[in-house]
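Analysis of the macromolecular model
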Amino acid sequence: MKTIKIFLVILLIAVTCANSQADEWTRDSLDNRRAIANNSTPPARKIPVNSLDPVNDNGIIRRVKLPEGVKAISLTFDMCELDTITTGCDMDVINFLRGENIPATLFMGGKWMRTHSRRVMQIMSAKNFEIANHNWSHGNCALLSDSGLKAQILWTQSQYELLREESENDDIPPSMGLFRLPYGRSSKRAINIINSLGLKIIQWDVAAEAGNNENIKTARRNALKVANMTKPGSILLFHANLVPKGTINLLREIIKILSERGYNFVTVSELLSMGEPEFTQDGYFTSPGDNLTLDKKFGIDGTGRKTRFTGE
């Protein structure tokens, strides 16, 4: 009888711990857009402790050329917000990827990291996620001054370090080594600055979220189009900040189709280790120049501000 009681107590503790861990990942009101007050101040420290050696790349990595017969691709998700507003954290997407144990690379804005610090520390601990730099407040790299661009990058590196330190988890990489261009916009000057700070620039060759994906039937049709554009070595672009809507519907269908076609999912760093990166000298969504109209849409330099971001 005593043995049974001890077993029941142990079982109760195990179930309670499991439920507690699951509850930590459950979506709540703080994950919604504009749910947390906006804070446009700099991070607690502006210069990261860890510095990276410069990289000598030939431009912007758009996809990876893989050996014959290797069918691997990378799913990437941008998680970002402007200086002037907060966005959300799409826990439906995050929990789906976790539940299916699907590797993904998450390009996070530094300000977004601070807004969703609790979530970021959880995500840092998950083995299937790779975290990368997406500028502090989505600054347009083609428009920012040299000092503004460096600050957007370094503030984000610092915010990552601060959250890693707070998490007290030494298994988390000490720094981020990949970078994604906000709006896909760049210049030769920006490429040189980003590479000089030790970051590889990762574009995409498949912009996945075109069209309305809130409707399941429409999402299925869009997923088939995306799958047909995907080929070995592709890098797919999604978002996980609740902008746009319906990403989870599209993602489920894409995963289903590509899995049936024999594709494996890997992080961007893993994909780079499997083949030769293919470079472009300009960033864009589907064709060169298709993002130029965004230069005037989100503030003077892409951050939502009416005055320039200088990093001061």
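Quick note: structure is the one above.
Cut-offs and rules
Residues numbered from 1 in each chain as written. Predicted model: local features only at pLDDT ≥ 70, side-chain atom pairs only at ≥ 80, totals over all residues. Heavy atoms only, no water. Phe/Tyr/Trp six-rings, centres within 6.5 Å; stacked < 30°, edge-to-face > 60°. Helix = DSSP H or I, 4+ residues; strand = E, 2+ residues; numbered from the N terminus. Buried < 20%, exposed > 50% of the residue type's maximum accessible area, 1.4 Å probe, protein only. Lys NZ or Arg CZ within 6 Å of the ring centre and 35° of its normal. Polar contact = N/O pair within 3.5 Å; in protein donor to acceptor, adjacent residues only side chain to side chain. Expected span 1.5 Å × (residues − 1). Contact = heavy atoms within 4.5 Å. Lys, Arg positive; Asp, Glu negative; His and termini not counted. Salt bridge = Lys/Arg side-chain N within 4 Å of Asp/Glu carboxyl O. Axes fitted to C-alpha atoms, helices over the stretch in contact; angles between N-to-C directions. Parallel < 35°, antiparallel > 145°, perpendicular 65-115°, else oblique. Left-handed = near helix turned anticlockwise from the far one by under 90°. Nonpolar A, V, L, I, M, F, W, Y, C, P; charged D, E, K, R; others polar.

Tallied over the entire structure, the rule returns 5 aromatic pairs. Measuring from centroid to centroid gives 5.0 Å for F77 and F238, while their planes differ by 20°, and the two rings are stacked. In this pair, F77 sits in strand β2 (residues 72-79) while F238 sits in strand β8 (residues 235-239), placing the two residues 161 residues apart along the sequence. With a centroid separation of 5.6 Å and an interplanar angle of 85°, the aromatic rings of W136 and W155 are classed as edge-to-face. Highlighted residues: W136 in the loop between β4 (129-133) and α5 (146-167) and W155 in helix α5, separated in sequence by 19 residues. The two residues W136 and W155 agree in class, both being buried. Members of the aromatic cluster, each reached through a chain of ring pairs, are W136, W155 and F309. One Lys or Arg, K71, reaches over the ring of Y263 and ends 4.6 Å from the middle of that ring. Here the basic side chain of R98 rests over the ring of W25, its NZ or CZ set 3.7 Å away from the ring centre.

The next thing to look at is the side chain of T115. For T115, the position within the fold is in helix α3 (residues 110-115). Exposure remark for T115: the relative accessible area of 16% places this residue in the buried category. Within the local environment of T115, its side chain forms a polar contact with the side chain of E81, the two groups lying 2.6 Å apart.

Here helix α7 (residues 216-229) contains 14 residues, and its C-alpha end-to-end distance of 20 Å stays within 8% of the 20 Å for a straight helix at 1.5 Å per residue. Restricting attention to buried positions, one finds in α7 the residues T218, A219, N222, A223, V226 and A227. Against the buried residues of α7 lie β7 (206-207), β8 and α8 (247-260). Residue N215 occupies the N-cap position of α7, its side-chain oxygen lying 2.9 Å from the main-chain nitrogen of K217.

With respect to the secondary-structure elements, D83 resides in the loop between β2 and α2 (91-99). Lacking a salt bridge, the buried D83 has R305 as its closest oppositely charged neighbour, with an N-O distance of 4.1 Å. The residues touching D83, leaving out its near neighbours within four places in the chain, are N38, S40, K111, W136, S137, T303, R305 and F309.

The subject of this paragraph is α5. Over its 22 residues, α5 extends 32 Å from the first C-alpha to the last, a length consistent with the 32 Å expected when each residue adds 1.5 Å. In terms of residue burial, α5 counts as a mostly covered element, since 16 of its 22 residues are buried. Where α5 ends, the next residue or the one after it, E168, has phi of about 55°, a positive value.

Bringing the environment of I194 into the picture now. Within the element layout of this structure, I194 appears in helix α6 (residues 188-196). Overall, the relative accessible area of 0% leaves I194 in the buried class. Discounting chain neighbours no more than four positions away, the residues touching I194 are C141, I153, F179, L181, L199 and I201.

With that settled, the discussion passes to the packing of α2 against α8. At a minimum axis distance of 9 Å, the contact between α2 and α8 shows a crossing angle of 25°. Comparing their axes, α8 and α2 come out roughly parallel. In the packing of α2 onto α8, the handedness of the crossing is right-handed. When α2 is examined against α8, the residues D92, V93, F96 and L97 are found in contact with a partner set consisting of T247, I248, L251, R252 and I255. For the contact of α2 with α8, the class distribution of residues is 6 nonpolar, 1 polar and 2 charged.

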